[in-house]
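# Descriptive structure summary
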Amino acid sequence: MARRFKARIVVTLIVWCAVASAHENVVNRAARLEQEGKFQEAAALLEQALSAATDQRHKKELAFELDRLHRIRLDYSLTNDALFEVLKESVKELTAEEFERWVAEGRFDGRVIDGTFYFVGTSRSNLFFRYPDVRPRRINAPDESAFAQAVLENARAIKAAALDQHTPFVKPTRFRNTMTVTLKAGVVPVGETVRAWLPIPRDFPHQKNVKLLASSSPPLHVAPPESPIRSVYLEQPAQNGRPTEFMIAYSYTAYGVYFNLNPAEVRAADVDDPRLRPYLGEVPHIVFTERIKRLSDEIAGSEANPLLKARAFYNWIAENIQYSYALEYSTIRNISEYCLANKYGDCGQAALLFMTLCRYNGIPARWQSGWFTFPGGKTIHDWTEIYIEPYGWIPVDPYMGVFAMQYLPYVGEDQRRKVRDFYFGGLDQYRMAANSDHNQELSPPKHSLRSDNVDFQRGELEWGPSNIYFNLYSFKLDVEELKSTP
């Protein structure tokens, strides 16, 4: 009897391994077809495997790989002719010959999809970010001088207040924000329930007294204040011929932050501390590849001080990684490696690169994200925190380092460095932080795929078992600065 039982276990394991191996082969084959630009073939392969799959984990992975093809198509939306027409409206005296030369030089992200070459929809903006020589030719270039000066002055004021008051948390400011997520009419059958998760501030030392003031329907769940991905969960029925609108209003107090860091006081973090261990290892998008290891050795050299190492990584990113609007995070296999390989990325990609370098060197590092609400610069935004003994968790915003050194032409070199230096250990009060880690699970969990499985800023929607992707809804955040509290 025991022998027959053991035999059944062995047979079951063999069958399971065979199924898992076949599943892995399908995913790998589909990935190769995608890289070759054969999206229709890849989709057909995945659809066939999905219809035959019985294991729920495998079905979920196949469904994601299939949806990922659709997401990539949405990102790569411009044909050659369409991109040229877009650029003619933005670049003075652009000729067809010059445009073709730029294409041949690889100035635009592009790829073949089923026999046609497409460019990323953000190619126009990324051209100005990556190529300073083209910026003077920009038609109707935005004047950001007032914004740049305000960022500099605010950083100075926070630093001065922190040094005067002998505390890193200063200039408390009360905000009232209203977030609205609007689903297009007709996406969901009339009467069906649409489920929504909207971000709300979580508790941090620099962000307190969060109050939910109003919502478009009674909230069915509000994630705990210390949640690593904090949301308000709502449900509403789809209506005939009308958009479905979700809204939350909340208030909170945010502080400016400045840590007066002294390398002589710094000691290595306790890597065995269970509170720090989750922020030291490899996880999705934080992988210690050979490229990462080589860059770490190149930048850090023989430096042993964790603070000086982290600062060196931050400064390198500020001067060597150009800003670019990103592909959707869910379509990128390893974001930190992508950012390093291309030498460009958005705020979150630069943040993940910085976190990877820190963790590889035994410096605890974690995600922080939500919105940047600075007047004149409001946008979704990601930054980081690193743990430095004896100071604890300190903010580091790699994007603001990049912004200061490469996109702040309205002030002198010394002032640019001051802005860069402030955002290593400093943070403005114009933040709404909903997340303290990346790749986290919403509460309650979605039944379907996440539109962004790395970050959470724009809200997430679904109905039935199906995700509702970003192209089907809009989002906005209205910010009201109430007052600075004593």
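Everything here concerns the structure above.
Residues numbered from 1 in each chain as written. Predicted model: local features only at pLDDT ≥ 70, side-chain atom pairs only at ≥ 80, totals over all residues. Heavy atoms only, no water.

### A closer look at helix α12 (residues 398-406)
When you tally the buried positions in α12, you get eight out of nine residues, the bulk of the element. Along α12, the residues classified as buried are P398, Y399, M400, G401, V402, F403, A404 and M405. (Buried < 20%, exposed > 50% of the residue type's maximum accessible area, 1.4 Å probe, protein only. Helix = DSSP H or I, 4+ residues; strand = E, 2+ residues; numbered from the N terminus.)

### What to know about helix α5 (residues 96-104)
Buried within α5 are the following residues: E98, F99 and W102. Taken end-on, α5 shows its buried residues confined to a sector of 100 degrees, consistent with a single buried face. Across from the buried face of α5, at angles greater than 90 degrees, the exposed residues are E97 and A104. In the core, the buried residues of α5 are packed alongside α4 (80-88) and α6 (123-130). The positive-phi residue at the C-terminal boundary of α5 is G106, with phi of around 80 degrees. (Arc of directions from axis to C-beta. Contact = heavy atoms within 4.5 Å.)

### Side note on the pattern of salt bridges
Counted by the stated rule, this structure contains 32 salt bridges. Among the ionic pairs, E34 bridges to R68, the shortest N-O distance being 2.6 Å. One end of the pair, E34, is in helix α1 (residues 2-35); the other, R68, is in helix α3 (residues 56-75), and 34 residues separate them in sequence. Both residues of the pair, E34 and R68, count as buried. The closest approach of N and O atoms between E105 and R107, which form a salt bridge, is 2.9 Å. Among the charged side chains, a network of salt bridges with common partners joins E98, R101, E105, R107, D133 and R137. (Salt bridge = Lys/Arg side-chain N within 4 Å of Asp/Glu carboxyl O.)

### Quick look at the side chain of S251
Along the chain, S251 falls in strand β8 (residues 244-258). Residue class for S251 comes out buried when judged on its relative accessible area of 7%. Looking at S251, its side chain comes within polar contact range of the side chain of R174, at 2.8 Å. Residue contacts for S251: discarding those within four places in its chain leaves R174, F175, R176, N209, V210, K211 and L213. (Polar contact = N/O pair within 3.5 Å; in protein donor to acceptor, adjacent residues only side chain to side chain.)

### Details of the nonpolar core
Nonpolar side chains in soluble globular proteins tend to be buried together. If you look at the biggest cluster of nonpolar residues, it comprises 117 residues, and the most contacted ones within it are L353, F354, I386 and F424. At nine residues, helix α11 (residues 347-360) tops the list of elements feeding residues into this core. Counting residues in each nonpolar core, the second largest holds 13 residues, with L83, F84, F119 and F128 among its members. (Core = buried A, V, L, I, M, F, W, Y, C linked by side-chain atoms within 4.5 Å.)

### Observations concerning the sheet that holds strand β11 (residues 365-372)
The antiparallel open sheet is built from four strands, whose spatial order is β13-β12-β11-β15. Only two strands of the sheet have a single partner each, and these edge strands are β13 (392-396) and β15 (431-435). The mean angle between the axes of side-by-side strands here comes to 40 degrees, regardless of whether they run parallel or antiparallel. Bridge count between β11 and strand β12 (residues 379-388): eight bridges; the pairing is antiparallel. (Pairing = 2+ DSSP bridges. Axes fitted to C-alpha atoms, helices over the stretch in contact; angles between N-to-C directions.)

### A closer look at the pairing of β12
By the criterion of burial, β12 is predominantly enclosed, with eight of the ten residues buried. What sits between β11 and β12 in their antiparallel hairpin is a turn of six residues, with G376 showing a positive phi close to 90 degrees. The sheet contact formed by β12 and β13 spans five bridges and is antiparallel. Bridge pairing in β13 places I388 opposite G392. The antiparallel pairing of β12 with β13 creates a hairpin that spans three residues between the two strands.

### Observations concerning the side chain of N126
Summarising the element assignment, N126 is placed in helix α6. N126 gets classed as buried once you look at its relative accessible area, which sits at 3%.

### Examining the environment of V91
Mapped onto the fold, V91 is located in the loop between α4 and α5. Distance from V91 to N140, taken between C-alpha atoms, is 9.4 Å for residues 49 residues apart in sequence. Not counting residues within four places of it along the chain, the set of residues in contact with V91 comprises W102, L127, F128, V134, R137 and I139.

### Concerning the packing of α12 against helix α13 (residues 413-422)
Interhelical geometry of α12 versus α13 gives an angle of 180 degrees and a closest axis separation of 8 Å. By the criterion of interaxial angle, the relationship of α12 to α13 is roughly antiparallel. Contacts from G401, A404 and M405 in α12 reach E413, R416, R417, V419 and R420 in α13. (Parallel < 35°, antiparallel > 145°, perpendicular 65-115°, else oblique.)

### Quick look at the packing of helix α7 (residues 145-165) against α13
At their nearest, the axes of α7 and α13 sit 10 Å apart, and the two run at 55 degrees to each other. With respect to their mutual orientation, α7 and α13 come out oblique. Pair α7 / α13 crosses with left-handed handedness. For the pair α7 and α13, the contacting residues are V151, L152, A155, R156, I158 and K159 in the first and Q415, V419 and F422 in the second. (Left-handed = near helix turned anticlockwise from the far one by under 90°.)

### Focus on unusual backbone geometry
A cis amide bond links E389 with the next residue in sequence, P390, at an omega value of 10 degrees. Residue S443 is joined to P444 through a cis peptide bond whose omega torsion reads -5 degrees. Along the polypeptide, P444 turns up in the loop between β15 and β16 (460-463). For E93, which is not a glycine, the phi torsion comes out positive at approximately 55 degrees.

### Overview of the packing of aromatic side chains
Inspection of the entire model under this criterion finds 30 aromatic pairs. For the ring pair F175 and Y252, a centre distance of 5.5 Å and an interplane angle of 25 degrees mean the geometry is stacked. Taken together, the residues span a long stretch of sequence, with F175 in strand β3 (residues 169-183) and Y252 in strand β8 at a distance of 77 residues. You'll find F175 and Y252 in the same group, each marked buried. Ring geometry for Y258 versus F422: centroids 6.1 Å apart, planes at 5 degrees, classification stacked. Taken together, the residues Y258 in strand β8 and F422 in helix α13 connect sequence positions 164 residues apart. You'll find Y258 and F422 in the same group, each marked buried. The ring of Y131 carries the charged tip of R107 above its face, separated from the ring centre by 4.2 Å. Over the ring of Y279 we find R366; its NZ or CZ atom is 5.5 Å from the centre of that ring. (Phe/Tyr/Trp six-rings, centres within 6.5 Å; stacked < 30°, edge-to-face > 60°. Lys NZ or Arg CZ within 6 Å of the ring centre and 35° of its normal.)

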